[in-house]
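# Geometric and topological summary
Chain residues, written in single-letter form:
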Amino acid sequence: VRIMVDPFPEKTYSGALDAISPLTEQNFEWPPTRNFRGAARLKEADPRLRPGMNGRLDIIVDRLPDAISVPSKALFTRAGRPVVYVAHPGGYRPVWVEVLARNVDEVAVRGLSAGATVTLVEPEARP
C-alpha cells in the first residue's frame, strides 16, 4: 500500500495491508463515494507520526510499466476516443492516448511523453 498521512502531504509511506473492512462507509456528499476502512503496517518508522492521525491508503493491486499518470480532469473524449491536450508554443495540441486504468483522482495512460504539461480544461475549438 501507499500511505498518505494528512499532516505530512509531502511524504508517501510504503506499507503492507493488514486488514480491510468488507463493508463500505456511506457518506452524504455529492457525488457519492465508496470508502473502505483499512489498516496497514508501515515498512519504516517515522518519529513524527502520532496515534490518531488521519490519512488514506492506496492499495496497489497491479503495476503498469511505462504508464503515465495524469489527473482525471485532464482526460477528454474527442470523436469517441480518449485525448489529452498537451502544451506547445501557442496553445495546446490533442494527443490520443490509451487508458490503462483509472480511479477518481488519476488516470494511467499510454501514448503520452513523461513530463508533458497537460491542461485540466478542454481548449476551445477553433473554427
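Computed from a predicted structure; not experimentally measured.

## Thoughts on the pairing of strand β10 (residues 106-110)
Here strand β5 (residues 68-71) pairs with β10 via four bridges, running antiparallel. Of the residues in β10, the one forming a bridge with Ser69 is Ala108. Taken together, the four bridges between strand β9 (residues 98-102) and β10 define a ladder with antiparallel strand orientation. By the bridge assignment for β10, Glu98 is matched with Arg110. As consecutive antiparallel partners, β9 and β10 are separated by three residues.

## Here we look at a nonpolar patch on the surface
Together, Leu17, Ile20, Phe36, Ile59 and Val61 make up an exposed nonpolar region whose accessible area comes to about 480 Å². Looking at where Phe36 falls in the secondary structure, it is placed in the loop between β2 (12-20) and β3 (38-42). With a relative accessible area of 44%, Phe36 lands in the partly exposed category.

## Details of the side chain of Ser72
Tracing the backbone through its elements, the reader meets Ser72 in the loop between β5 and β6 (76-78). Among the polar contacts listed, one links the side chain of Ser72 to the backbone oxygen of Asn103, at a separation of 3.3 Å. Excluding anything up to four places from it in sequence, Ser72 contacts Asn103, Val104, Asp105, Glu106 and Val107.

## A few points about the side chain of Asp58
The residue Asp58 is located in strand β4 (residues 55-58) in this model. For Asp58, a relative accessible area of 17% translates into the label buried. At 2.8 Å, the side chain of Asp58 forms a polar contact with the side chain of Arg2. Among the polar contacts made by the side chain of Asp58, one reaches the side chain of Arg56 at a distance of 3.1 Å. Setting aside residues up to four positions removed in sequence, Asp58 forms contacts with Val1, Arg2 and Met4.

About the thresholds
- Residues numbered from 1 in each chain as written.
- Predicted model: local features only at pLDDT ≥ 70, side-chain atom pairs only at ≥ 80, totals over all residues.
- Heavy atoms only, no water.
- Pairing = 2+ DSSP bridges.
- Helix = DSSP H or I, 4+ residues; strand = E, 2+ residues; numbered from the N terminus.
- Patch = residues over 30% accessible without salt bridge, like charges linked within 9 Å, V, L, I, M, F, W, Y side chains within 5 Å.
- Areas by Shrake-Rupley, 256 points an atom, 1.4 Å probe, with all protein chains shown as cover.
- Salt bridge = Lys/Arg side-chain N within 4 Å of Asp/Glu carboxyl O.
- Buried < 20%, exposed > 50% of the residue type's maximum accessible area, 1.4 Å probe, protein only.
- Polar contact = N/O pair within 3.5 Å; in protein donor to acceptor, adjacent residues only side chain to side chain.
- Contact = heavy atoms within 4.5 Å.

Nothing here speaks to function; it is geometry throughout.
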